[in-house]
Structure formats: structure tokens, C-alpha cells
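# Tertiary structure, described
Okay, here's what each chain looks like letter by letter:
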Amino acid sequence: MADYTMHVLVCGGTGCKASQSELIKLNFQNRLSELGLSDEVQVVMTGCFGFCEKGPIVKILPDNTFYVHVTPEDVTELVEEHIVKGRKVERLLYVDPETQASVHDAKGMEFYKKQVRIALRNCGFINPENIDEYIARDGYAALGSCLLEKTPEETIRIIKDSGLRGRGGGGFPTGLKWEITRKSVSDQKYVVCNADEGDPGAFMDRSILEGDPHSVIEAMAICGYCIGADKGLVYIRAEYPLAVERLKIAIKQAREYGLLGEDIMGSGFNFDIEIRYGAGAFVCGEETALIHSMEGLRGEPTVKPPFPAESGYKGKPTNVNNVETFANIPPIINKGAGWFAAIGTEKSKGTKVFALAGKINNVGLIEVPMGTTLREVIYDIGGGIKDGREFKAVQTGGPSGGCLTKDFLDTPIDYDNLLAAGSMMGSGGMIVMDETDCMVSIAKFYLEFTLDESCGKCAPCRIGNKRLHEILERITEGNGTKEDLDRLRMLSTVIKDASLCGLGQTSPNPVLSTLDHFYDEYLAHVDSKTCPSGQCKALLKYTILEDKCTGCTLCFRNCPVGAISGEKRSPHYIDQSLCIKCGVCYEKCKFDAIIIG
Amino acid sequence: MTKIKSLADLKQLKAEVQSKIKLREKGDHPENLIQIRVSMATCGIASGAKETMTYLIEELEHQGIDAVVTQTGCMGYCYAEPTIELTMPGSEPVVYGYVNRAKAQEIIEKHIKLNQLVDGIIPVNYKQIDNP
Ligand SMILES: Cc1cc2nc3c(=O)[nH]c(=O)nc-3n(C[C@H](O)[C@H](O)[C@H](O)COP(=O)(O)O)c2cc1C
Ligand code: SF4
């Protein structure tokens, strides 16, 4: 039996594979077997190290040495120097860009771990269905220390000093919101957790509730103590059955332990939580609509003020916070405002969870400090663009946000920078697009979503977005004009100004930001009636190159609508008026005689 | 189940459960204990994490290997689900992606029984806040 004393880990992420990591692995194995070391050193292919810029990466265990930019030719040296003689190969070590010193040990490599998990601290670590595991990780210690050692004012002070801002999209300072709700005078107040999470592609809140439900329960109780509420409500969409289930288990366990209920930890403070189910309407994530929905009314927004902090659920002062906002509270109390405020940028503190999706290699859930750049997120953590394609844009903020181009790749992510760049933080959906995505179609996609989700209460949103959508439809079908582009912009401005709630006010953002950053692409659609990325079917034109066509009749036999004609062994041609742009001929042709233009 | 009636109760319970979790109730031989965490959020379950977990539990029991298999939330590697984290006694945890039945079997046969790493390791690319 082989008893390995050393392991060589070769990165097998897509980026590194493209740069020959397979060959590196093979060279290691061959060289080791030549030296008779195969039984002592094992070579293993791993997933992405999240450091693609410096790939291919090789890590040697147990001494944790991290080599970068390794080529297949370097293997002999690595084997002979590092493995046989135990001397590190200096020239392949990572050089710290700031100190210019070579880094010998991967453990000391801060740069490599771009992610910091605060809101997700327990996700993937504890068993979410076992309260003991949460308690073992300092769970409910924050609640205990607030109830028994701090006044509500002191607690609110900590949250204010930490600089925590709402993670539900708006970025309102959380401590300030609590303070306002505290100051509202009433016999009854409520704490509401917004777990509606309706953005397409977003699953941050779901993952927190599935992976660490107690942190939300604990934070809601702390909030209740601060604002003077003894009742909490979690508004969660019924489409999240697992999250609902885990939350229910967690609430039950907390009650059994006396961490919810009356006289919590002998403090005299009472608090309990109920679950309310949403039917999955995006607009019900808006806080006033959410409150109406909980009251059993139609999920329609109403004008603010009055803000929920003054008059919310059943007309009582109500503090609404997002799931992720709550998940940040216990560590802030435990570790102090200063600790949290030291992470992030000047005006955006702490971390943000993003759901990375789209044309990216490592689709997943990430948590990075505010101020991390988009490039770090997309390339270092996300492992770069799928299939080695070119990055085109990244969409943040969901249907309320915008697309950012590669000019913004080095922008540090925070509330204000994203807003200035024409997008927004939103709740944390991040969808990456490559060169094959048509930006007009993307804008249309988001608008379709808004159209479906608009509650219809006010005309600019209900009718205006419909008109916007019609114009975009026209453009993608090749019937748009240049005037349409101006119309898009004007109408967008009106919708933004005149809509009642955040949904309408932000719905034209995807249109405006693509108009700003990809005007050429819009122009191509209306002027030359072409779609540069080849996504708009109606604008495609299949033609047969006469000199390449051998007259094999394969396309003729496969065209489903009989649009192709021609004699055997002589060039064929496509009748454009009959062609439905299905692309079958293009796929079938063996001689590359058909082009798309 | 004990009610927590004061902060002191909570602290005491924490101390108890902390050691309990470290030893996972099998206190006698903590150093021989193999721990496996299966990422069971919606993404994991959709890709078959439940089957993987059941298989791991059954197969380990069948082979008489003393191991604790637990579920946990999303580790963030949704592209590589199902993912598991394996901690061998005395070593650092290792995360594996795309763990279907065949991979799980390979991990049991090679990593657990022979202490050899298996292809498909995912390097953990985030920092946990220490002492949350
Ligand atoms: C159309 C619309 C949808 C929204 N959806 C959500 C949502 O799904 N989850 C959420 O937490 N906040 C959502 N919000 C923001 C909430 O209105 C509210 O600002 C937030 O829950 C406050 O919590 P925070 O301060 O912790 O961010 C939405 C807002 C609008 C206008
Ligand atoms: S802006 Fe749209 S979603 Fe908001 S209230 Fe008006 S119609 Fe309803």
C-alpha cells in the first residue's frame, strides 16, 4: 500500500486547464515514477484555487508551498529541487505585490483568500438543524449580552458605529432605522424579516436561512429588544420549502431552550417569532407591499411616508430588515463595532454576499469585503468566463440595476460606487455576460420580468414599461428606428420620475444602462439591422457561399420550410422570405459554405 | 431539554456543547473520528446531495468505519455540487466537489481507508471569521 508523505496539488480549474495543467500533472507523475517516488508522492488534480490570474497553480503539501505560473517544463526542477532536496524553487513562488517578498507558505497568503465570511460564517460549517452547534459557535451570546449587559440605546449605538447598512438593496443605515423605530411611541411594535428575495438569480437569503437560521432569529430578538417589540414576523416565499422547514425547526428549538418566549434568560424580555408566507411576487419584497400582504391585503405598495418605522404592520411601528442584514448583527455585537467598521470602504462597511451566476466558471455563493473589485470577484473567485470567452458585462442589482462594462472591472464594489457607475448594489445577484450576449435582448429580458411583476397600481409603471417593452421588441425584430432609441430614453426618464414605488422607479435602469454603455449595439440593430452577437434571430441572415457549395443537397433536404433550392452538384441558394432562421442548414453543412451575417 | 434561564446557563451550555461537538458524542476516541459534512442547501439537494449522504452513511456503516456524517448549509461551491468536507483525524479538512456515488466510493476506498487524496479537491477560498 502506498503511504504518501507528500501531495502535489495541481489546479484543474478551467483557466488552469487551458494553460496545460493536465500536462503538468502528467509530467509530475512521470518524473516521480522515474525516480521511484510514486509511492511516496501523490499527484492530485483539484478544483479552481481562485487565483486564475496567476495560473497554473501548483501547491505542495504538507509544507503548503504555493507555486504560480508553473509550466510543464518547470516540473523537473520542482521535483528535483523541492521534492527530492527539500529546497523551494524561489523563482516560481508568489511574490507579494506590496512587499516584493516571495511568499513561502500558502497559509500566510492573505490575497488568496479574497472572501471573508461574516453573514455566511456558519453556512457550510454547522448543522442548521441543531441549535447546539449554533450555540457552540457563540450562538445567542450576542442576545444574552444585549439583554443582560447592555441597554437598548447602547446596543443601537454599537450597530450605528459599525456602519452596517441594509443589505436588501437600499443600503439604509441599520442602526439609524432601529433608532427611529425605537423613538416611535406605541403600545405594540413589530420586527419584520424580509425574506422575499425576488431578484432573478439571487439566492443569498435562502442560503442563509437554510444554512444558519438561528443567526436570523437571534438578530431579530436583539432588534426587538432595541426597538421595544415583543413580536417578530418572517415574511418568506413559499417557494423556499427547505428554508421554511429549517426556520421552523430553529424556532421550535429556540423556544424549547427558552431563547424565544417569555423572560428570555431571566431578563424579563419577551420575544417570539411567527412565519408568514408570500406567494412569490417580486413587488411584495418592497416593504410597504410586504406589510400589506402580511395583513391579508393585496400586495401593493403605498406612498412613503409614513414609513414602516412610524406606521407599519397593523398601523404599528415596524422595523423591516433583510435576512442578510440580520445575519450580520450577532457578530457585530460579539466582536464590536470597531471590528466591523474596519472591514470595507469608507461608506460601506463589512462584507456583501453575492450570488454569482451567468457565463462564469464557478457559479456560487460568495462573500467579499466591500471594496473588492469586480475583477477580483469575476476572475479570482469566479474563475473567469466560461469556455474562455471574452467578458462583456456584469449585471448587478437585478431588474433594478444596470450593466457594467469592462471599464468598471477595477471599480471597488460598494453602494456608492455602483450607484455612480449607473447600477446598484441591489440584494446581491451578479450575472456575468460574455460576448455572445446581446445587450438589447438582456434589457428586454429584465423588462419582461418587470412587466410580469408590476402590481399595476400606477400608470407609468404599468403602461410605460409595456411601451418600453414594445419598443425593444420592435428593435430586436429588426423594425426599430433611430427615433426609437430617443423614445426609449425619454420614456425611461418619465417612468423613473413618476412611479410610486421602487419597482417602477428603477425598472428602466437595465434599459438606460445598456443604452449608455452599449449604444453601438442598439445602433447596429436599428441602422444596419444586424445583431452583433448573433442572438436576435430575426436579424440573422443565412447565405450560401457559391464557391464553397458543392451541391450536396444536404441543406436542401434538411430545411424544414423548403426555403433552399438548387440543382444537384451546383450551388444552392436560400430564399430569405421563406427562411425562419432555424440554423439547421448551418449546422448540417459539411463544407462551411453557409455563413451567418 | 434544559431551559436557558440566565446568561450563566448559556455559557455553561456552550461549554458543554462545544466539547460535545468536538467529540461528537463518541468521546472515547476523538482522535480516530472521521467527520464528513455534506452541503445540503437547495443547490446541493437538487444535485443529489441526499443520495450522496445516504450512500456515505450506509457504506461507512456497512464497512464498519467509525465516522460521523452530518449535513450543513451551502458552502458556496454551487457549480460543484454535491460537495462534501472530509476531516480525517489529525488533518486539515478537505473539500471535494461533484461527489456522486462513484466519487463517494472512491473517497471511502482511497482517502478514508488509505489516506490518499483523490482528484476533485476544491481549495477552500474563503476565510472564516475566527470566533464568530
Ligand atoms: C420592488 C422592490 C423589491 C424589493 N425586494 C426586496 C427583497 O426581496 N428583499 C429585501 O430584503 N428587500 C427588498 N426590497 C427592499 C425593501 O423595501 C426594504 O428596503 C428592505 O427590506 C429593508 O431592509 P434593509 O434595510 O435591511 O435592507 C425591495 C424593494 C423594492 C422596491
Ligand atoms: S411603481 Fe409599479 S409596482 Fe410600484 S406601485 Fe406603481 S405599478 Fe405597482
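Residues numbered from 1 in each chain as written. Chains lettered and ligands numbered in written order. Predicted model: local features only at pLDDT ≥ 70, side-chain atom pairs only at ≥ 80, totals over all residues.

### Quick look at the packing of helix H7 (residues 174–183) of chain A against helix H9 (residues 213–227) of chain A
Residue and element names in this part refer to chain A. Taken N-terminus to C-terminus, the directions of H7 and H9 make an angle of 45 degrees; their axes are 8 Å apart at the nearest point. For the element pair H7 / H9, the angle class is oblique. Where H7 abuts H9, its residues Trp-178, Thr-181 and Arg-182 lie against Cys-223, Cys-226 and Ile-227. Along the lines of polarity and charge, the residues of the contact of H7 with H9 split into 4 nonpolar, 1 polar and 1 charged. (Axes fitted to C-alpha atoms, helices over the stretch in contact; angles between N-to-C directions. Helix = DSSP H or I, 4+ residues; strand = E, 2+ residues; numbered from the N terminus. Parallel < 35°, antiparallel > 145°, perpendicular 65-115°, else oblique. Contact = placed C-beta atoms within 7 Å. Nonpolar A, V, L, I, M, F, W, Y, C, P; charged D, E, K, R; others polar.)

### Things to note about the interface of chain A and chain B
Across the contact, 55 residues belong to chain A and 44 residues belong to chain B. Broken down by class, the residue content of the side of chain A that touches chain B amounts to 27 nonpolar, 16 polar and 12 charged.

### Topic: helix H11 (residues 287–294) of chain A
One turn of the α-helix equals 3.6 residues, which is why residues spaced by three or four share an orientation. Residue and element names in this part refer to chain A. Among the 8 residues in H11, 7 count as buried, and that is most of the element. Looking at the buried positions of H11, the neighbouring elements they touch are strand E8 (190–195), strand E9 (231–237), strand E10 (272–278) and strand E11 (318–322). Where H11 ends, the next residue or the one after it, Gly-296, has phi of about 90 degrees, a positive value. (Buried ≥ 20, exposed ≤ 12 C-beta atoms within 10 Å, placed from the backbone.)

### Remarks on the site of ligand 1
Residue and element names in this part refer to chain A. Near ligand 1, the surroundings consist of 23 residues, among which Gly-166, Gly-168, Gly-285, Asn-322 and Gly-502 are the closest. Where the shell around ligand 1 is concerned, the elements lending two or more residues are E11 and helix H19 (502–506). No other element matches the 3 residues that E11 contributes to the shell around ligand 1. A domain split of the shell around ligand 1 shows at least three residues from each of domain 2 (131–337) and domain 4 (439–526). (Near = placed C-beta within 6 Å. Domains from an automatic or database assignment.)

### Considering the sheet that holds strand E16 (residues 429–434) of chain A
Residues and elements named next belong to chain A. Taken in spatial order, the 5 strands line up as E13-E12-E16-E14-E15 in an open sheet, and their pairing is mixed. Each edge of the open sheet carries a strand with a single partner, namely strand E13 (364–369) and strand E15 (402–404). Neighbour to neighbour, the strand axes of the sheet diverge by 30 degrees on average, direction disregarded. Two elements, strand E14 (residues 391–396) and E16, share 5 bridges in a ladder whose sense is antiparallel. The residue bridging Ala-393 from the neighbouring strand is Met-433, located in E16. (Pairing = 2+ DSSP bridges.)

### Observations regarding the confidence of the model for chain B
Residue and element names in this part refer to chain B. On average, residues of chain B score 83 in pLDDT, and 85% of them reach the 70 mark or higher. Within chain B, no element has a lower average pLDDT than strand E6 (residues 126–128), which sits at 71, and none a higher one than helix H3 (residues 49–62), at 93. Segment residues 24–28: pLDDT under 50, and 5 contacts once partners within four positions in sequence are set aside and those in other chains are kept. This complex was scored by the predictor with a pTM of 0.86 and an ipTM of 0.81. (pLDDT = per-residue confidence, 0-100.)

### A few points about the site of ligand 2
Residue and element names in this part refer to chain A. Around ligand 2 sit 14 residues, and of these Cys-455, Cys-458, Cys-461, Cys-501 and Gly-504 come closest. Mapped by element, the contributors of at least two residues to the shell around ligand 2 are helix H17 (459–476) and H19. Its residues assigned to classes, the shell around ligand 2 shows 8 nonpolar, 4 polar and 2 charged.

### Digging into the nonpolar core
Ranked by size, the top nonpolar core spans 190 residues in total, and within it Val-58, Val-216, Met-220 and Ile-222 of chain A together with Tyr-96 of chain B carry the most contacts. For this core, the leading source of residues is H9 of chain A, giving 10 residues. Contact partners of Tyr-96 of chain B, with chain neighbours within four places excluded, come to Thr-83, Ile-84, Leu-86, Lys-103, Ile-107, Val-118, Gly-120, Ile-121 and Ile-122 of chain B. One finds Tyr-542, Ile-574, Cys-589 and Ala-593 of chain A within the second-largest nonpolar core, a separate group that totals 11 residues. (Core = buried A, V, L, I, M, F, W, Y, C linked by C-beta atoms within 7 Å.)

### Topic: the domain arrangement of chain B
When the parts come together, some accessible area is lost, and that loss is often what is quoted as the size of the interface. On domain assignment, one finds that chain B holds domain 1 (1–26) and domain 2 (33–122). Averaged C-alpha coordinates put domain 1 of chain B and domain 2 of chain B at centres separated by 27 Å.

### Digging into the domain arrangement of chain A
Under the domain assignment, chain A is made up of domain 1 (6–112), domain 2 (131–337), domain 3 (351–434), domain 4 (439–526) and domain 5 (540–596). Each of domain 2 of chain A and domain 5 of chain A has a C-alpha centre, and the two are 62 Å apart.

### Some thoughts on the environment of Pro-152 of chain A
Residue and element names in this part refer to chain A. Within the secondary structure, Pro-152 sits in helix H6 (residues 152–162). For Pro-152, a count of 20 C-beta atoms within 10 Å puts it in the buried group. When the C-alpha atoms of Pro-152 and Cys-223 are compared, they prove to be 8.9 Å apart, with 71 residues separating the residues in sequence. Contact partners of Pro-152, with chain neighbours within four places excluded, come to Arg-182, Tyr-225 and Cys-226.

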